[in-house]
Amino acid sequence: VEKKPNISNVPLIIEDTKCLGSVSIAGQGTLQIIRAGGDGFTGYPRGKVVVSNFTSIMASKATRAYFGEGCTEGNYSNLDYKAFILPGRTLSYDVDLSETNCGCSAVLSLVNMRYSEDPGQCDGDFYCDA
């Protein structure tokens, strides 16, 4: 008898989904997680990102995800992204690197995507790390 794995707790992942779910962030409320577009410059495709239990985000190698105030499938809008107001405040988070291989990096970048008017080279998601 073939034993099938229990997948009832595994989040459904649709590879072409842009709006991945939401997380609750203290002092910010509930934010949407937006999958990055594919990178037209390096050729990296959109990566796999899993959002679980309103508390965690797990991104695969060579991918990005963004915090948003809203998210609508289809074209990206700079107005969807969250603009954090941080002067005089603290930003803290936990990172589990236990499954990260040597030579990999995990990065949190704060970039001004909400106010960008340049859709960039990542499927028009307004990302720029310059």
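Residues numbered from 1 in each chain as written. Predicted model: local features only at pLDDT ≥ 70, side-chain atom pairs only at ≥ 80, totals over all residues. Heavy atoms only, no water.

Colleague: I would appreciate a short explanation of the packing of aromatic side chains in the present structure.
Modeller: Each aromatic ring pair is characterised by the separation of its centres together with the angle its planes make. Taken as a whole, this structure holds 3 aromatic pairs when the rule is applied. Between Tyr66 and Tyr81 the ring centres are 5.4 Å apart and the planes differ by 90°, which places this aromatic pair in the edge-to-face class. Taken together, the residues Tyr66 in strand 5 (residues 65–68) and Tyr81 in the segment after strand 5 connect sequence positions 15 residues apart. On the accessibility criterion, Tyr66 (8% relative accessible area) is buried. For the ring pair Phe67 and Phe84, a centre distance of 5.6 Å and an interplane angle of 90° mean the geometry is edge-to-face. Taken together, the positions of Phe67 in strand 5 and Phe84 in the segment after strand 5 put the pair 17 residues apart, joining distant regions of the chain. Assessed through its relative accessible area of 26%, Phe67 is described here as partly exposed. (Phe/Tyr/Trp six-rings, centres within 6.5 Å; stacked < 30°, edge-to-face > 60°. Helix = DSSP H or I, 4+ residues; strand = E, 2+ residues; numbered from the N terminus. Buried < 20%, exposed > 50% of the residue type's maximum accessible area, 1.4 Å probe, protein only.)

In short, geometric facts, not functional conclusions.
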